[in-house]
Amino acid sequence: MRKLLLLAAIFSASFALNAQVEIPESSPFTKIEQKVGLTDVTLEYSRPGMKNREIFGNLVPYDRVWRTGANFNSKITFSEDVLIGGKDVKAGTYAIFTKPNSSKWDVYFYADTQNWGAPAQWDDSKVVATVKAETYKLPMDIETFTMGFDDLTSSSAVLGIMWENIYVAVPFSVYTDKTVTKSIEKALNGPSANDYYAAATYYLEEGKDPKQANEWMKKALSMMKDPKFYQLRKQALLYAAVGDKKNAIKTAKLSLEKSKEAGNLDYVKMNEDSLKEWGAL
């Protein structure tokens, strides 16, 4: 028994030593971040090598779903909604699976990214977009599996896939024009009530120019159909900060009334305390 325990201890020590030895990955991980128009796109995948092997139609069989790389799912992340294969794809992270063939590839963007390789059980309902992509013969071999972003414009890009002597192009579009148009309209229409309110609140809380903050707050509340009790509370404090006690009291009373309606006892007390301080209670 003692001999068995000794052997087990030696084995455990040897395993622990080996576990500390670092060696290069056979399929190194890479991460690419690319701005397409105004959309951030991130690509994460592992990169196997040819290593004197025939790849497509052999190591990677035709007409079978492939993980598109090695190890864990190859993933692509979009910060904004995009258009792929004629379908709207929501912002988020998707696995990239492919079904290679000699002339065309089916490229799938798959909602479940938690797979080691292809899913054990394929679920069509998780395919958010499919692209039938042409294959192009390259004049030389690409030793290491490579994906990246090609043909960049302000509203589109191509997800390029290369290995062996094959290049596959997967186009996608981003809604740059829609985003820019909204931004232009917002800028031309001037700051919103929320912009003025946020600026005034920041100045109030940081003790910056109260006159400027008060002007912003008045603009903000004048643009609101029904200011909330907490917004009126900040306006009352700004009136007090610039020495306009009359409007401070008037606004605090309105905030107090709305605080009671909302059942917010904290704001009821804060308003009552301010009104006492200003000699109105």
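Before reading on, note that the structure itself is shown above.
Computed from a predicted model, the values in this text were never measured in an experiment. (Residues numbered from 1 in each chain as written. Predicted model: local features only at pLDDT ≥ 70, side-chain atom pairs only at ≥ 80, totals over all residues. Heavy atoms only, no water.)

Caption draft 1: Region of the structure containing the overall build of the chain. Helix and strand counts for the chain come out as seven helices and nine strands. Its C-alpha radius of gyration of 31 Å places the chain more than 25% over the 19 Å reference for a compact globule of 281 residues. Counting over 281 residues, the chain shows a buried share of 38%. Once local pairs closer than 6 in sequence are excluded, the contacts in the chain between residues at least 24 apart make up 54%. A distance of 6 Å separates the average location of the 36 positive side-chain charges in the chain from that of its 35 negative side-chain charges. (Helix = DSSP H or I, 4+ residues; strand = E, 2+ residues; numbered from the N terminus. Rg over C-alpha atoms; globule rule 2.2 N^0.38 Å. Buried < 20%, exposed > 50% of the residue type's maximum accessible area, 1.4 Å probe, protein only. Contact = heavy atoms within 4.5 Å. Lys, Arg positive; Asp, Glu negative; His and termini not counted. Charge placed at Lys NZ, Arg CZ, Asp CG, Glu CD.)

Caption draft 2: Representation of helix α2 (residues 176-188). With 13 residues, α2 extends 18 Å from end C-alpha to end C-alpha; this agrees with the ideal 18 Å at 1.5 Å per step. The positive-phi residue at the C-terminal boundary of α2 is Gly 190, with phi of around 85°. (Expected span 1.5 Å × (residues − 1).)

Caption draft 3: Up close: unusual backbone geometry. The backbone of Lys 51 shows a phi angle near 55°, a positive value even though the residue is not glycine. Looking at the secondary structure, you find Lys 51 in the loop between β2 (39-46) and β3 (75-78). Unlike most non-glycine residues, Glu 164 shows phi in positive territory, near 55°. Its place among the elements puts Glu 164 in strand β9 (residues 156-174). Using a relative accessible area of 12% as the deciding quantity, one classes Glu 164 as buried.

Caption draft 4: Representation of the side chain of Arg 233. Considering the arrangement of structural elements, one finds Arg 233 in helix α5 (residues 229-241). It is Glu 277 that comes nearest to the buried, bridge-free Arg 233 among opposite-charge side chains, at 7.1 Å. In terms of polar contacts, Arg 233 uses its side chain to reach the side chain of Ser 274, at 2.7 Å. Once residues lying within four places of it in the same chain are set aside, the contact partners of Arg 233 are Ser 255, Tyr 267, Met 270, Asn 271 and Ser 274. (Salt bridge = Lys/Arg side-chain N within 4 Å of Asp/Glu carboxyl O. Polar contact = N/O pair within 3.5 Å; in protein donor to acceptor, adjacent residues only side chain to side chain.)

Caption draft 5: A look at the layout of surface pockets. Its boundaries defined by the atoms lining it, the largest pocket holds a volume of some 260 Å³. Lining the largest pocket are 14 residues, with Leu 59, Val 60, Trp 66, Arg 67 and Gly 69 positioned closest to its centre. Considering only enclosed or pocket space, the second largest pocket measures out at about 200 Å³ in volume. Lining the second largest pocket are Leu 38, Thr 39, Glu 80, Asp 81, Tyr 175, Thr 176, Lys 178, Thr 179 and Lys 182. (1 Å grid on protein atoms, 1.4 Å probe; cavity = no way out; pocket = protein on both sides within 12 Å on 5 of 7 lines; lining within 4 Å. Points joined across faces, edges and corners; volume = space filled by probe spheres on them.)

Caption draft 6: Expanded view of the pairing of β3. Pairing geometry for β2 and β3, over four bridges, is antiparallel. Considered in β3, the bridge of Leu 43 is made with Ile 76. The pairing of β3 with strand β6 (residues 92-99) spans four bridges and is antiparallel. Looking across to β6, one finds that Ile 76 is bridged to Tyr 94. (Pairing = 2+ DSSP bridges.)

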